[in-house]
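The primary structure of each chain is shown beneath.
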Amino acid sequence: YVEYGHADVALTLFEQMEYEGMSSDSVTLSCSLKACGIMGAKVNGHYIHGEIARKGLGKELLLGNSLINMYAKCGALQEAESVFSTLPIRTRVSWTALISGFVENGYPEAALGYFEDMKVECITPDAFTLTSVLKACSSVGSILTGYQLHAEISLKGFAEDDAFIGSALVYMYATCLSLLEAQEVFDKLHTKTLVSWNALMTGYMDHGDGERVLDCFRQMQHEGISPDAITLVCILKTCGNIGAALEGYAIHHKIIQKAFLESYDFIGSSLVDMYANCGMLEEAENVFDKLLVKLTVSWNVLIAGYVEHGHYNQALHYFEQIQKEGSSRDTATLVWALKACANLNDAFRGQEIHAEIIWEGFQSDLNISNALIDMYSRCGSIEDAEHVFANISSVDVVSFGTMIAGYVEHGNCNLVNHCLQTMRHQGTMPDAGILCSILTACSQIGQVPEAH
């Protein structure tokens, strides 16, 4: 049952076995721990850990490794470390379970630290270890460590023969935007899996090379590999970025054929985003209206599309619909709504949204504060903009730039210099936008020497 993915049934059988007084051995306990890890059932795992201790089996390597794996998969990394530290012998399986646990739970630096410790103990990594460590390199952008690992992998002959390691290398290089190396590794792979294709296409997408993404997609299909949800999201984002509406429409047709919209809610959001970026707002709205589940990100991309294409009233209409339909809003939703108000010079609606921001506890978010400064400045309420600016706990270059642009817009050029001095005092360097605003202020009040 565990091997075929029915972890819940396996745990039920374990409980029934315990109820009937049947004694469990190491194999039973190890399988049950694996089921707990699959389900994230930490409470059940704690109980089994207690049974292991009660039976005096705590020193068994099989159970120790199973416990590390279970705790790591449940996100209980301290418990995993505690079990690891008590093992009489640490094998490659022990190290790999701990390293992969830290990677999967978002602690790549710690994973890389344990990998160094593993090498100190002269434990040779296997394909699973190397795949996890390469993923950690991708997460932290550590291209130097990635190069060193690649050299080790090549010496062992893993790169060309092992599909998992090959895909992990492609992903590592692509994530670090070393696309030449990613393509070279990819070309040498004996077996090009869907994972390796996705890794390469994602790298080109992040690098802004949309045409290469589409070329890869066509070649992948030519080789008979069917796309999955990750592939389709990558292609849709690419189509939106380069305005490839025809290709996007073809992908939409494929998504309908494979019934992906019913299985993956986030694909609907990607479709809406693609059509909105291509300026096809009616199509974006049609897709959005047909979504079975409207995620917050789906609302956001539609509202953003209307704002980006100058349909500010329509953007605010959908912003109001969010609450009516009982959906949740996040920082991005509120920022786009404030941008719509700023472009409409609608200070009254902007104030209403500001009140909602305070009510919902978003007022400490820096992105929202910056959007409020921009909205009030462009709506002619420079005093309100100053009030928001003064209450930001840690201003950034965007905050200063928005405030300075507001002063210039309202002819308060003398205050621009004061703002600039505050920036210098805080050690914040002005960007190109701020410098343009300052030069504009100098020209308005005739301060040529200061501009120079």
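Here the structure is a predicted model, which means the values were calculated and not measured.

Student: Just to check I follow, could you spell out the overall build of the chain for this structure?
Tutor: A tally of regular secondary structure across the chain gives 29 helices and zero strands. With the C-alpha coordinates aligned to their principal axes, the bounding extent of the chain is approximately 85 × 50 × 50 Å. By residue count, 46% of the 452 residues in the chain fall in the buried class. Within the chain, counting contacts between residues at least 6 apart in sequence, those at least 24 apart form 60% of the total. Split by element, the accessible area of the chain, about 22,600 Å² in all, is 54% carbon and sulfur. Distance between charge centres in the chain, computed from 26 positive and 54 negative side chains, equals 6 Å.

Student: Got a minute to help me understand the environment of Ser 437 in this structure?
Tutor: The residue Ser 437 is located in helix H28 (residues 432-445) in this model. With a relative accessible area of 13%, Ser 437 lands in the buried category. C-alpha of Ser 437 to C-alpha of Glu 409: the two residues are 28 residues apart in sequence and 9.1 Å apart in space. In contact with Ser 437, not counting residues within four places along its chain, are Ile 404, Ala 405 and Val 408.

Student: In this structure, what is going on with the pattern of salt bridges? I would like to understand it.
Tutor: When the charged atoms of two side chains with opposite charge come close together, those side chains can pair. As enumerated under the stated definition, the model contains 16 salt bridges in all. Across the pair Glu 51 and Arg 54 runs a salt bridge, and its minimum N-O distance is 2.9 Å. With Glu 51 and Arg 54 both in helix H3 (residues 42-54) and three residues apart, the pair spans about one turn of that helix. In this structure Glu 51 comes out as buried when scored by relative accessible area, which is 8%. A salt bridge links Glu 356 to Arg 349; the shortest N-O distance between them is 3.9 Å. Arg 349 shares its class with Glu 356; the two are buried. Salt bridges here are not isolated pairs; linked through shared partners, they connect Glu 320, Arg 329, Arg 349, Glu 352, Glu 356 and Glu 360.

Student: When you look at the nonpolar core in this model, what are you seeing that I'm missing?
Tutor: Side chains of a nonpolar character, in soluble globular proteins, are inclined to be buried together. Judged by nonpolar contacts, the single largest core of 141 residues is most densely connected at Met 201 and Ile 353. Broken down by element, this core gets its largest block of residues, eight residues, from helix H22 (residues 331-344). Excluding residues within four positions of it along the chain, Met 201 makes contact with Val 213, Cys 216, Phe 217, Met 220, Thr 231, Cys 234 and Ile 235.

Student: How should the packing of aromatic side chains be read in this particular structure?
Tutor: Aromatic ring pairs are reported here in terms of the distance separating the ring centres and the angle at which the planes meet. Applying the stated criterion across every chain yields a total of 14 aromatic pairs. Aromatic pair Phe 260 and Tyr 264: ring centres 5.6 Å apart, planes at 40°, arrangement tilted. Grouped by ring-pair contacts, the aromatic residues Phe 84, Trp 95, Phe 102, Tyr 107 and Tyr 114 constitute a single cluster. Between the NZ or CZ atom of Lys 294 and the centre of the ring of Phe 288, over which it lies, the distance is 5.3 Å.

Student: What is the right way to look at the side chain of Arg 349 in this model?
Tutor: Its place among the elements puts Arg 349 in helix H23 (residues 347-359). On the basis of relative accessibility, which here comes to 11%, the residue Arg 349 falls in the buried class. The contact partners of Arg 349, leaving out residues within four places of it in the chain, are Leu 316, Phe 319, Glu 320, Cys 341 and Glu 356.

Student: Would you explain unusual backbone geometry in this entry?
Tutor: Glycine aside, a negative phi is what most residues show, and trans is what most peptide bonds show. Its identity is not glycine, yet Cys 122 carries a phi of approximately 60°, on the positive side. With respect to the helices and strands, Cys 122 occurs in the loop between helix H7 (108-120) and helix H8 (127-140). Note on Cys 122: relative accessible area 67%, which makes it exposed. If you check the backbone angles, Leu 177 has positive phi at about 60° while not being a glycine.

Student: Can you walk me through helix H5 (residues 77-86) in this structure?
Tutor: Residue pairs spaced three or four apart in an α-helix point in one direction, given the helix's 3.6 residues per turn. Within the sequence span of H5, burial applies to Leu 77, Ala 80, Val 83 and Phe 84. All buried residues of H5 fall inside an arc of 125° around its axis, so they share one side. Looking at the buried side of H5, the elements it contacts are H3, helix H4 (61-73) and helix H6 (92-104).

Student: Looking at this model, I keep getting lost on the state of the cysteines. Mind explaining?
Tutor: Should the sulfur atoms of two cysteines be covalently bonded, the bond is a disulfide. Counting across every chain of the model gives zero disulfides. Cysteine Cys 31 shares no disulfide, and the gap to the nearest cysteine sulfur, in Cys 36, comes to 11 Å. Take Cys 31: its relative accessible area is 39%, and that puts it in the partly exposed class. Its sulfur unpaired, Cys 278 is 6.9 Å from the next cysteine sulfur, which belongs to Cys 239.

Student: Just checking my understanding: could you explain helix H1 (residues 7-19) for this structure?
Tutor: Its 13 residues place the ends of H1 18 Å apart at the C-alpha level, agreeing with the 18 Å of an ideal helix rising 1.5 Å per residue. Here the buried face of H1 lies against helix H2 (26-39) and H3. Looking one or two residues beyond H1, the residue adopting positive phi is Gly 21, at roughly 80°.

Student: Teacher, can you tell me more about the packing of helix H9 (residues 143-156) against helix H11 (residues 163-175) here?
Tutor: Packed helix pairs are characterised by how far apart their axes lie and by the angle those axes make with each other. Where H9 meets H11, the axes come as close as 11 Å, and the angle between the chain directions of the two elements is 155°. Comparing the axis directions of H9 and H11 gives the class roughly antiparallel. When you trace H9 past H11, the crossing you get is left-handed. Across from Ile 143, Gly 146, Tyr 147, His 150 and Ile 153 in H9, the residues of H11 making contact are Ile 165, Leu 169, Met 172 and Tyr 173. Of the residues assigned to the contact of H9 with H11, the class counts are seven nonpolar, two polar and no charged.

Student: What should I look at first to understand the confidence of the model for the chain in this one?
Tutor: Should pLDDT be low for a region, the predicted coordinates there are not to be read in detail. For the chain, the mean per-residue pLDDT works out to 90, and 96% of the residues sit at or above 70. Contacts from residues 448-452, a stretch scored under 50 in pLDDT, to residues over four places away or in other chains number three contacts.

Rules used in this analysis
Residues numbered from 1 in each chain as written. Predicted model: local features only at pLDDT ≥ 70, side-chain atom pairs only at ≥ 80, totals over all residues. Heavy atoms only, no water. Helix = DSSP H or I, 4+ residues; strand = E, 2+ residues; numbered from the N terminus. Buried < 20%, exposed > 50% of the residue type's maximum accessible area, 1.4 Å probe, protein only. Contact = heavy atoms within 4.5 Å. Areas by Shrake-Rupley, 256 points an atom, 1.4 Å probe, with all protein chains shown as cover. Lys, Arg positive; Asp, Glu negative; His and termini not counted. Charge placed at Lys NZ, Arg CZ, Asp CG, Glu CD. Salt bridge = Lys/Arg side-chain N within 4 Å of Asp/Glu carboxyl O. Core = buried A, V, L, I, M, F, W, Y, C linked by side-chain atoms within 4.5 Å. Phe/Tyr/Trp six-rings, centres within 6.5 Å; stacked < 30°, edge-to-face > 60°. Lys NZ or Arg CZ within 6 Å of the ring centre and 35° of its normal. Arc of directions from axis to C-beta. Disulfide = S-S within 2.5 Å. Expected span 1.5 Å × (residues − 1). Axes fitted to C-alpha atoms, helices over the stretch in contact; angles between N-to-C directions. Parallel < 35°, antiparallel > 145°, perpendicular 65-115°, else oblique. Left-handed = near helix turned anticlockwise from the far one by under 90°. Nonpolar A, V, L, I, M, F, W, Y, C, P; charged D, E, K, R; others polar. pLDDT = per-residue confidence, 0-100.

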